[in-house]
Amino acid sequence: MSAAALLDSYHDARIEQCRPDQHHRLVDHLRRAADSSDYVGMLRDSRRVATQVRRSSDTQSLAADLSDLARENCVASLLAIESLAEVRHSDADHHLIDFLSHSDHVVRRHAAWRLGRRLPTRRAYRPLLDVLMAGGIDTMHAHRTLRSWSASDTEAIVGVVLTRLDVEDAPAARTRLIDLLGMVASPGAREVLLRVAVDIDECSSARVAAIGALGERNGDRVGTTLRHLARVEADLGVHAALALEAFETRNIPVVQGRRGDGLRIAQLVLAGGLDGQLSRGGRGETGGVASLLVSLGEALVRRADVDHVLTIGRGTVGDALTAPLSSTENPLSYATIAFGDEVRNASTPDEVWEHLPAIERGVRRALRLAGPIDVLHLRMADAGTLAGTEVAREANIPLCFSVAPDPHNVVQSLQVRGELNRNSFVRLDDGSHIWFRARLVERVAREADRLALFPRSEPLQFLDDLGVDTDASDRRASVVAEGIDLTLLDRASARCSSAHPAGVRASDVLDELGARIPAARRGLPLVLSVGRMHPVKGMDRLVSAWASDPTLHESSNLVIVGGDLEDPSTSERSVLDAIERAVPRDDSRRAGLVLLGGRPRADVARLQVMAVRGHPGLWAPGGVYVDGALKEEFGLAVIEALAAGLVVVAPSTGGPSTYVDDGDTGVLVQPNADLATAIRAAFDLVGRPGRMRRARHMVEDRYSIDTMAARLVELYCPIPASL
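Residues numbered from 1 in each chain as written. Predicted model: local features only at pLDDT ≥ 70, side-chain atom pairs only at ≥ 80, totals over all residues. Heavy atoms only, no water.

### Overview of the overall build of the chain
Scanning the chain from N- to C-terminus turns up 34 helices and 13 strands. For the chain, with 723 residues in total, the buried portion stands at 60%. Across the chain, the fraction of contacts at a sequence separation of at least 24, relative to all contacts at a separation of at least 6, is 72%. (Helix = DSSP H or I, 4+ residues; strand = E, 2+ residues; numbered from the N terminus. Buried < 20%, exposed > 50% of the residue type's maximum accessible area, 1.4 Å probe, protein only. Contact = heavy atoms within 4.5 Å.)

Next comes the structure, spelled out in structure tokens:
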């Protein structure tokens, strides 16, 4: 048994020794966890203590002690509230409701979330509506709790929402209240939705929310109203047409009998530009997973045992109306979910959470219109996965989940670097929602019918860490390595090889890169990095490392592919600002930095190929590829770079350690190690004999997209009843 496993066993034993009737020991254990610097362990211990709390007998005293603990500091409050929600005494409700008015909004949001595990408490309705007004994930937590409670206290919740509507004038606030009414099964709520949908004096965002919700209601008046709006309303007419389609098809079962013998597969990621070219690659949230799903869909439908693959992504309401969801002629289709409005942005992961009602409706519509679905595959700890899980459960669609240690790896990497303390953990949770997303991964992993595990030395160990019963999941869990489309690189290589005098065929992206390199810096090799311009991807960390090392800056040019440079999202803007601070525009070192923005996947393949070969007169052969993230769950772009022939620099935490041969095909970087030193070491490996051949063969043998498709089909297939 490993040292880590022994330590886990020790902690498990310590918690088990705390008998439920000895609640002081449970509270003391949480206090010690809150004071420790092991934040991954803290998440694990909090879940296990909460399980013990459910069996406690001295519940009133336990509720009081947990409430006292929650007032010691913010981290202690997160642990205490999680256990307080499991206490079987009404005093726990009162304590949790008190935390809805806490001075720290992280605590307020946590209490709103955990109250969803309790029975309805009317004293909580008004403070929950206050949290609902906050926006982002706060809105989502309050919404889900009130929505859950509305099943048993419908009219009271409708009443308090209507009272709040009478006094709220702000469009965003009114829209959030209408969103909530849209999910409450009540004739009174339906009447409000009908009135708001046609009210020309109402803000357009609230009308859009009402129209979308009406698409899932019954009644002749609903259909008449939507048809009228679709005909006469200019801007809202498209939303009404989409809702009318949902209304007219709402009685079609999501799951039907099969049309053929092959599998019908749906896969979901909240990214835009999910087309065959991945036209928005690297922009916003369209990153490696989006690229993977496009290639995987193509690989799956090449198989005789697959009838249809539906890939669900994000787009405009017009896209949602026009995209064909299923046809006998085309076994590969794309569906679009539209969300976001003029007063509530949805450009960052945090903003997306509050649009959960629209995302659920979009997923439900896509699955219904695509016909029978044998399995829905989810991959991210995000709002799309939460929505997909809810829809799949209500429709009895089997669920496959790719279990990745995210956000756990983020916490662990920062912990190793010494960058986490009590305050920084709270800030991290505030921005990245570590606690909720960790619990979301646990929940989906427990509920999924199939689990796709990432290649690791002990892949089942992470399931144990999540509290998933590995004995019960042996038949449904399988290690599935992600893959890349090698034909894309081969086509790029062929396009870049021709009888052209310069040895390179014309290419817009290559020409643009060449034009961006100043004459004085031509003839240097490239340091290339590709990915979303998101803080977790470490683009700013890479720029800082390159610029601060004179040897690197003087001997190479840095090329970053990713981000929407013309209209950056909030996350992209934060990274661009960090790059600006590291290398201001008037800094002489800026001449060696080229930001190309997001590019289609064919352009990325050409850049990778030509970073290896060089471009006569513009840049030298022998470039290297750098993944500047502190952790990487798998690293598809790193795999692509290896297959293209680039030496890679990648984080040691996560997937790259399973395929990068440190010191041969690349350099693995510890979270607290110097990135610039690793990049210089990578250049030393460029001329290593046989390196490119070994890397390419490794990718062909283990990480082709067709190999991945074969493993997934094997996992997707129903388990024989005899087992």
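### A look at helix H30 (residues 601–613)
With 13 residues, H30 ought to run about 18 Å at 1.5 Å a step, and its terminal C-alpha atoms sit 19 Å apart, in line with that. Counting buried positions along H30 gives eleven out of 13 residues, so the element sits mostly inside the fold. Along H30, the positions that sit buried rather than exposed are Arg601, Asp603, Val604, Ala605, Arg606, Leu607, Gln608, Val609, Met610, Ala611 and Val612. Just beyond H30, the residue with positive phi is Gly614, at close to 85°. (Expected span 1.5 Å × (residues − 1).)

### Some remarks on the packing of helix H31 (residues 636–644) against helix H33 (residues 691–702)
Running from N to C, H31 and H33 point in directions that differ by 130°, and their axes come no closer than 7 Å. Between H31 and H33, the interaxial angle falls into the category oblique. Together, Ile639, Leu642 and Ala643 of H31 and Ala695, Arg696, Met698 and Val699 of H33 make up the contact between the two elements. (Axes fitted to C-alpha atoms, helices over the stretch in contact; angles between N-to-C directions. Parallel < 35°, antiparallel > 145°, perpendicular 65-115°, else oblique.)

### A short note on the pattern of salt bridges
This structure, assessed with the given rule, holds 51 salt bridges. For Glu354, the salt bridge is made with Arg176, and the minimal N-O distance between the two is 2.9 Å. You can see Glu354 sitting in the loop between helix H18 (349–352) and helix H19 (356–369) and its partner Arg176 sitting in helix H11 (residues 171–182), a full 178 residues away along the chain. One salt bridge in this structure joins Arg364 and Glu394, with 2.5 Å as the shortest N-O distance. A residue pair is termed long-range when its members are at least 10 positions apart, and Arg364 in helix H19 and Glu394 in helix H20 (residues 383–395) qualify at 30 residues. Taking relative accessible area as the criterion, Arg364 reaches 8% and is therefore assigned buried. Looking at Glu394, the relative accessible area reads 47%, which means it is partly exposed. (Salt bridge = Lys/Arg side-chain N within 4 Å of Asp/Glu carboxyl O.)

### Looking at the sheet that holds strand S3 (residues 332–337)
Within a sheet, adjacent strands bond to each other through the backbone by hydrogen bonds, running parallel or antiparallel. Spatially, the seven strands line up as an open sheet ordered S3-S2-S1-S4-S5-S6-S7, and their pairing is parallel. Each edge of the open sheet carries a strand with a single partner, namely S3 and strand S7 (477–479). On average, each strand axis in the sheet is inclined to that of its neighbour by 25°, with strand direction left out of account. Sheet topology places strand S1 (residues 263–272) next to strand S2 (residues 306–314); seven bridges connect them, and they run parallel. Of the residues in S2, the one forming a bridge with Arg264 is His308. Contacts between helix H23 (residues 434–447) and the sheet are confined to strand S5 (399–403) and strand S6 (450–453), with S5 contributing the most and set at about 135° to the helix. (Pairing = 2+ DSSP bridges.)

### Observations regarding the sheet that holds strand S8 (residues 526–530)
Pairing is parallel across the open sheet formed by six strands, whose spatial order is S10-S9-S8-S11-S12-S13. The open sheet terminates on both sides in strands that have one partner only, identified here as strand S10 (593–595) and strand S13 (666–669). Averaged over all pairs of adjacent strands, the angle between their axes in this sheet comes to 20°, without regard to strand direction. Strand direction decides the pairing type here: strand S9 (residues 557–561) and S10, joined by three bridges, are parallel. For Ile560, the partnering residue across the bridge sits in S10 and is Leu595. Relative to the sheet, helix H32 (residues 675–685) contacts S8, strand S11 (624–626), strand S12 (647–651) and S13, its axis offset from that of S13 by approximately 165°.

### Things to note about the side chain of Thr154
Residue position: Thr154 is located in helix H10 (residues 154–167). Filtering out sequence-adjacent residues up to four positions away, Thr154 remains in contact with Val184, Ala185 and Ser186.

### With respect to the packing of aromatic side chains
Counted according to the given criterion, the structure contains nine aromatic pairs. Ring centres 5.4 Å apart and planes at 80° place the aromatic pair Trp353 and Phe436 in the edge-to-face group. You can see Trp353 sitting in the loop between H18 and H19 and its partner Phe436 sitting in helix H23, a full 83 residues away along the chain. Residue class for Trp353 comes out buried when judged on its relative accessible area of 3%. Here Phe436 falls in the buried class, since its relative accessible area comes to 7%. Aromatic side chains Phe454 and Phe634 sit 6.3 Å apart centroid to centroid with 50° between the ring planes, which places their arrangement in the tilted category. Highlighted residues: Phe454 in the loop between S6 and helix H24 (459–465) and Phe634 in the loop between S11 and H31, separated in sequence by 180 residues. (Phe/Tyr/Trp six-rings, centres within 6.5 Å; stacked < 30°, edge-to-face > 60°.)

### Some points on the nonpolar core
Grouped together as the largest cluster of nonpolar side chains are 136 residues, with contacts concentrated most on Ile178, Leu367 and Val403. Among residues more than four places away in sequence, those in contact with Ile178 are Leu165, Val192, Leu193, Val196, Ala206, Ala209 and Ala210. Counting 74 residues, the second largest nonpolar core, distinct from the first, contains Val306, Tyr334, Leu510 and Val561. (Core = buried A, V, L, I, M, F, W, Y, C linked by side-chain atoms within 4.5 Å.)

### Focus: unusual backbone geometry
Of note in this structure, Asn396 is not a glycine but carries a positive phi near 60°. Summarising the element assignment, Asn396 is placed in the loop between H20 and S5. Judged by its relative accessible area of 66%, Asn396 falls in the exposed class. Backbone geometry at His433 places phi at a positive 55°, although glycine is not the residue there. Residue position: His433 is located in the loop between helix H22 (422–432) and H23. Judged by its relative accessible area of 4%, His433 falls in the buried class.

### As for the packing of helix H5 (residues 74–84) against H22
Packing of H5 against H22 brings their axes to within 9 Å, and their N-to-C directions diverge by 60°. Compared by their axis directions, H5 and H22 come out oblique. Taking contact as the criterion, the partners of Cys74, Val75 and Leu78 in H5 are, on H22, Arg422, Phe425, Val426 and Asp429. For the contact of H5 with H22, a count of residues per class yields five nonpolar, no polar and two charged. (Nonpolar A, V, L, I, M, F, W, Y, C, P; charged D, E, K, R; others polar.)

### Some details on the pairing of S2
Counting buried residues along S2, seven of its nine residues qualify, which places the element largely inside the surrounding structure. Across six bridges, the pairing between S2 and S3 is parallel. By the bridge assignment, Leu310 is partnered in S3 with Ser333.

### With respect to the confidence of the model for the chain
Mean pLDDT for the chain: 87, with 89% of residues reaching 70 or above. Low pLDDT (under 50) marks residues 1–17, which in the prediction has 19 contacts with non-local residues, meaning those over four places away or in another chain. Predicted confidence for residues 501–506 stays below pLDDT 50, and this span has 16 contacts to residues more than four positions away or in other chains. (pLDDT = per-residue confidence, 0-100.)

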